[in-house]
Amino acid sequence: MASIEYDADALHHAMKGLGTDDEILVSILGNRNRAQREALAAFYGQRYGHSLVSDIKGDTSFNYQKLLIGLVTPFPEYIAHLIHHAVDGLGTREWILIDVLGTTPKPLIDLAAGFYKLNYKADMREAVKSDTSGNFRKALLHLMDGSKDWFSPPDFATVEVDAHELYSKGEGRPGTNDHFFVHFFTSKSPAHIFEVDRAYTAKRGHGLVRAIKNETSGDYKNLLIALATPHAAYWAQRIHDAVAGLGTNDTLLQRAFILNDKDILQQIAQVYSALYGKSMAEHVKDDTSGWYGKLLQALMR
């Protein structure tokens, strides 16, 4: 691995003067993980007296530029940017809130809240609260307030009990106990939810995602599905959403590749192949082009 000094100098040379050596940009930024990119961006600013982002803005454009900027922006600041974009202006971009708050642990959300206040002079929690409603809002605020355990192993002593409770408060009765659903999915760890899903499937013949679809709707449903789906499987589905059918959802594609570091993208790619029978790299390659497409490919390697 090249030194941080080498990377910074190579990037600066690639964007200095007329023209841009995009091969250098892709070979460096597409082959460094998040921590390395963030350290490189900080070092670049110290070395040259202006930010790497400013040089990227001056030398690139469109989706390629957006992806590059996201990759070198401090991760919590990028999260703050996404949430602000989701709630800014008329209407709400609910899928951004789901993708971010449904997959990002609380410590990072707390750091993002600091950047949000710094960059937008507003409280991130209040911004989300004022732009959402109902059970969707309740679940989002639970996640932002830190009730979810993101990292603990399953509590096997309560797996069967939880599977029974989810059934009895959902598909096993008229109506849905949304208070229980919100509490369960915004508090239990992903590893525990995975085991509860297995137990639920063994008893009911289908998993929690189908139960959620049967019992809930709209953005609330989509958020609970995100919380009920293993991380790699969720993002494999979202990336497939971005490239399936006519056209490409480049905004979603960029979000997926920036929110997930290189090692996680490799895990997602494995699940993607199992789900769709074609490699993620092939699908993305078919739907993108130019240096933008080459950068996406590099991030998957």
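Up top is the structure these notes are about.
Residues numbered from 1 in each chain as written. Predicted model: local features only at pLDDT ≥ 70, side-chain atom pairs only at ≥ 80, totals over all residues. Heavy atoms only, no water.

### Re the overall build of the protein chain
Consideration 1: A count of helices and strands for the protein chain gives 20 helices and zero strands.
Consideration 2: In summary, the protein chain has a C-alpha radius of gyration of 21 Å against a globular reference of 19 Å for 301 residues, a match within 12%.
Consideration 3: Expressed as lengths along the three principal axes of its C-alpha atoms, the size of the protein chain is roughly 70 × 45 × 35 Å.
Consideration 4: For the protein chain, the proportion of its 301 residues judged to be buried stands at 47%.
Consideration 5: When contacts within the protein chain are restricted to residue pairs at least 6 apart in sequence, long-range pairs at least 24 apart make up 68% of them.
Consideration 6: For the protein chain, the accessible surface area stands at approximately 14,000 Å², while carbon and sulfur atoms represent 53% of it. (Helix = DSSP H or I, 4+ residues; strand = E, 2+ residues; numbered from the N terminus. Rg over C-alpha atoms; globule rule 2.2 N^0.38 Å. Buried < 20%, exposed > 50% of the residue type's maximum accessible area, 1.4 Å probe, protein only. Contact = heavy atoms within 4.5 Å. Areas by Shrake-Rupley, 256 points an atom, 1.4 Å probe, with all protein chains shown as cover.)

### Points about the pattern of salt bridges
Once the charged atoms of two side chains with opposite charge are near each other, the side chains can pair.
Consideration 1: By the definition in use, this model includes eleven salt bridges.
Consideration 2: Ionic pairing is found between Asp7 and Arg32, a salt bridge with its closest N-O pair at 2.8 Å. In this pair, Asp7 sits in helix α1 (residues 4-15) while Arg32 sits in the loop between α2 (22-29) and α3 (34-48), placing the two residues 25 residues apart along the sequence.
Consideration 3: A salt bridge links Arg255 to Asp99, with the nearest nitrogen and oxygen atoms 2.9 Å apart. Taken together, the residues span a long stretch of sequence, with Arg255 in helix α17 (residues 250-259) and Asp99 in helix α7 (residues 94-101) at a distance of 156 residues.
Consideration 4: Accessibility expressed as a relative area gives 6% for Arg255, which makes it buried.
Consideration 5: Through salt bridges with shared partners, one network takes in Asp99, Arg238, Asp241 and Arg255. (Salt bridge = Lys/Arg side-chain N within 4 Å of Asp/Glu carboxyl O.)

### Some thoughts on the environment of Ala127
Consideration 1: You can see Ala127 is positioned in helix α9 (residues 124-131).
Consideration 2: Ala127 sits 72 residues away from Asp55 along the chain, and the two C-alpha atoms are 31 Å apart.

### Observations concerning the packing of aromatic side chains
Consideration 1: A full pass over the atoms with the stated rule returns eight aromatic pairs.
Consideration 2: Put simply, the rings of Phe180, Phe181, Phe184 and Phe185 pair up and form one aromatic cluster.
Consideration 3: Over the ring of Trp291 we find Lys294; its NZ or CZ atom is 4.2 Å from the centre of that ring. (Phe/Tyr/Trp six-rings, centres within 6.5 Å; stacked < 30°, edge-to-face > 60°. Lys NZ or Arg CZ within 6 Å of the ring centre and 35° of its normal.)

### Observations regarding the packing of helix α10 (residues 134-145) against helix α15 (residues 218-228)
Consideration 1: Between α10 and α15, whose axes approach to 8 Å, the crossing angle comes to 35 degrees. Crossing hand, α10 versus α15: left-handed. Note on element contacts: α15 touches α10 through Asp219, Tyr220, Leu223 and Leu227, opposite Asn135, Phe136, Ala139, Leu140 and Leu143.
Consideration 2: Of the residues belonging to the contact of α10 with α15, the class tally is seven nonpolar, one polar and one charged. (Axes fitted to C-alpha atoms, helices over the stretch in contact; angles between N-to-C directions. Left-handed = near helix turned anticlockwise from the far one by under 90°. Nonpolar A, V, L, I, M, F, W, Y, C, P; charged D, E, K, R; others polar.)

### Digging into the environment of Ile79
Consideration 1: With respect to the element layout, Ile79 can be found in helix α6 (residues 75-87).
Consideration 2: Using a relative accessible area of 0% as the deciding quantity, one classes Ile79 as buried.
Consideration 3: Spatially, the C-alpha atom of Ile79 lies 20 Å from that of Leu224, the residues being 145 residues apart in sequence.
Consideration 4: Ignoring sequence-local partners within four residues, the contact set of Ile79 consists of Val100, Thr104, Leu108, Ile109, Ala112 and Leu259.

### Things to note about the side chain of Asp250
Consideration 1: With respect to the secondary-structure elements, Asp250 resides in helix α17.
Consideration 2: Within the buried set, Asp250 has no salt-bridge partner at all; the shortest N-O distance to an opposite charge, 8.3 Å, is to Lys66. (Lys, Arg positive; Asp, Glu negative; His and termini not counted.)

### Considerations on the packing of helix α11 (residues 159-168) against helix α12 (residues 178-185)
Consideration 1: Interaxial distance between α11 and α12 falls to 10 Å at its minimum, and their mutual angle equals 145 degrees. The element α11 and its partner α12 pack so that their crossing is left-handed. Seen from α11, the contacting residues are Asp162, Glu165 and Leu166; seen from α12, they are Phe180, Phe181, Phe184 and Phe185.

### Section: unusual backbone geometry
Consideration 1: Unusually for a residue other than glycine, Phe62 sits at a positive phi of about 55 degrees.
Consideration 2: Position of Phe62 among the secondary structure elements: in helix α5 (residues 62-72).
Consideration 3: The class for Phe62 is exposed, based on a relative accessible area of 70%.
Consideration 4: One non-glycine residue, Lys121, adopts positive backbone phi at about 55 degrees.
Consideration 5: In this fold, Lys121 is placed in the loop between α8 (106-120) and α9.

### Description of helix α14 (residues 208-215)
Consideration 1: Every buried residue of α14 is accounted for by Leu208, Ala211, Ile212 and Glu215. Axial view of α14: buried residues confined to an arc of 100 degrees, hence all on one face.
Consideration 2: The elements touched by buried residues of α14 are α11, α12, α13 (190-204) and α15. (Arc of directions from axis to C-beta.)

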